[in-house]
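Remarks on the overall topology
Residues per chain, in single letters:
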Amino acid sequence: MKRLNESGQMILVAGFIIGIGIVVLTVMLNNIIYASNTASESSIETNVFDYSNVVQATTEAYEKAYVNAGSNVSNSMFNAYMSNFTKKMVESYSLSGFIYSLDTGQSQDAYFTQNGLADGNDNWTVIERINHTEYFLLGRLNASTLGNESNKFVIEVNNQSGSLIWSASFFNSSSSKINLTVYDSNSILNTKNESFTDINITYNKIINPNDFDFHFNNQTANETYSIRFINGSQAMGTFKISGELVNGDQFDIERVCIVNSTMKLNKNDHLEINATIPITLPRGYI
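Here we summarise the structure given alongside this text.

Parameters at a glance
- Residues numbered from 1 in each chain as written.
- Predicted model: local features only at pLDDT ≥ 70, side-chain atom pairs only at ≥ 80, totals over all residues.
- Heavy atoms only, no water.
- Helix = DSSP H or I, 4+ residues; strand = E, 2+ residues; numbered from the N terminus.
- Contact = heavy atoms within 4.5 Å.
- Areas by Shrake-Rupley, 256 points an atom, 1.4 Å probe, with all protein chains shown as cover.
- Expected span 1.5 Å × (residues − 1).
- Buried < 20%, exposed > 50% of the residue type's maximum accessible area, 1.4 Å probe, protein only.
- Arc of directions from axis to C-beta.
- Salt bridge = Lys/Arg side-chain N within 4 Å of Asp/Glu carboxyl O.
- Pairing = 2+ DSSP bridges.

1. Quick look at the overall build of the protein
If you tally the helices and strands in the protein, you get three helices and 14 strands. Considering only intrachain contacts with a sequence separation of at least 6, the fraction spanning at least 24 residues in the protein is 62%. By element, 51% of the accessible surface of the protein is carried by carbon and sulfur atoms, the whole surface being about 16,000 Å².

Printed below as a string of C-alpha cells:
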C-alpha cells in the first residue's frame, strides 16, 4: 500500500512539473512573438521616418539650389548644387546601410492648383490675414492652357467676414486671346480681351507694358483679407505674392515651376523607397 502511495505521489509531482513547464514555455513563446512584432513595427516606423526625412531634405535642397543659382533651374550652378547634395546624402545614409539616389526630371510649368499639378486641389486659400499686398504678379499665362468661359480661372479676395471684395477671372476667348475681367462685390470694374502673358496686379500693369486698372489696391485698402485661387487646374503659369500680415510679419509666396524628382532609398538589396514627387520651385514661405 505504501508503494502505491509513493507511486501516486510521484505521478502527481511529475504532472505538476509538466504543468509548470508548459506555463514557462507558453510565457517564453509569447515573449518571443512580442519581441518579433515589436522589432517588425520598429522597422516599419523607421522606414516611414527615413522616407519623411529624405523627402524633406531633398525638397529643401531644391529650394536652396534654386536660390543659389539665381532663380534658374537650368543653370549649371543649380545642377552642381544638387549633385553635391546627392553625394552628401549618399555618404550620410551609407553609414546606416542605405543606398540613396536622386534623379531630377525636367522642369515644367505649374498649374494654379495647391500642389501645382493638374489633379491638385482646385480651390484653395493661398494666404490669409493679409494687411497689405506689395507685389501680386502672374506670369507665363497662355490662352491655350486656359479653360473656356464656363471653366474660368478666378482669383478671389475675401474680407475677414468671408465676403467677396475683389475678384479677377481669366478664360480663353479665342486661339490666342485671354479675357480678363475684374469685379468688385457686385459689378464689373474693368475688362480686357487680348493676347498677354504677364500681369502686375498691384502696379496696374499688363506687361508689355500697358496700363490696366485692376482696382485691387482701392478695394483692399483698410481691409484684412485672404487670397484664394478658384479652378486652379484651368490655368498654368507663375505667381508671386508678397506683403505684410496683420501681425506685422512679412510674407513672400512664389511658384515658378514643377520638378518631378525621383528619390530611391535601398537597403540590403531590398527596395525601401522609390517615389516620384512633384516639387514646386521655389516653395512659398512666410
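More follows now that the structure is in view.
2. A look at helix α2 (residues 76-94)
Side chains of residues three or four places apart in an α-helix project in the same direction, reflecting 3.6 residues per turn. A rise of 1.5 Å per residue sets the reference length of α2, with its 19 residues, at 27 Å; its end C-alpha atoms lie 27 Å apart and thus fit the reference within 8%. Those residues of α2 lying buried are Phe-78, Met-82, Phe-85, Thr-86, Met-89 and Tyr-93. One face of α2 carries all of its buried residues, which in axial projection span an arc of 105 degrees. In α2, the exposed positions that point more than 90 degrees away from the buried face belong to Ser-76, Lys-87 and Lys-88.

3. Topic: the side chain of Ser-226
Summarising the element assignment, Ser-226 is placed in strand β10 (residues 225-230). A relative accessible area of 11% places Ser-226 in the buried class. If sequence neighbours within four positions are ignored, Ser-226 has contacts with Thr-125, Ile-127, Glu-128, Ile-130, Glu-156, Val-157 and Asn-158.

4. Brief notes about the pattern of salt bridges
By the definition in use, this model includes four salt bridges. Among the ionic pairs, Lys-192 bridges to Glu-194, the shortest N-O distance being 3.8 Å.

5. Things to note about the side chain of Thr-280
By secondary structure assignment, the location of Thr-280 is in strand β14 (residues 270-281). Setting aside anything within four residues of it in sequence, one finds Thr-280 in contact with Asn-115, Arg-255, Cys-257 and Ile-258.

6. A short note on the pairing of β10
Within β10, five of the six residues are buried, leaving the element largely enclosed by the surrounding structure. Here strand β2 (residues 124-139) runs beside β10; their pairing, made up of four bridges, is antiparallel. Among the inter-strand pairings, Ile-127 is bridged to a residue of β10, identified as Ile-227. With six bridges joining them, strand β3 (residues 153-159) and β10 adopt antiparallel strand pairing. Note that in β10 the partner of Val-154 across the bridge is Ile-230.

That's the geometry; what it means functionally is another story.
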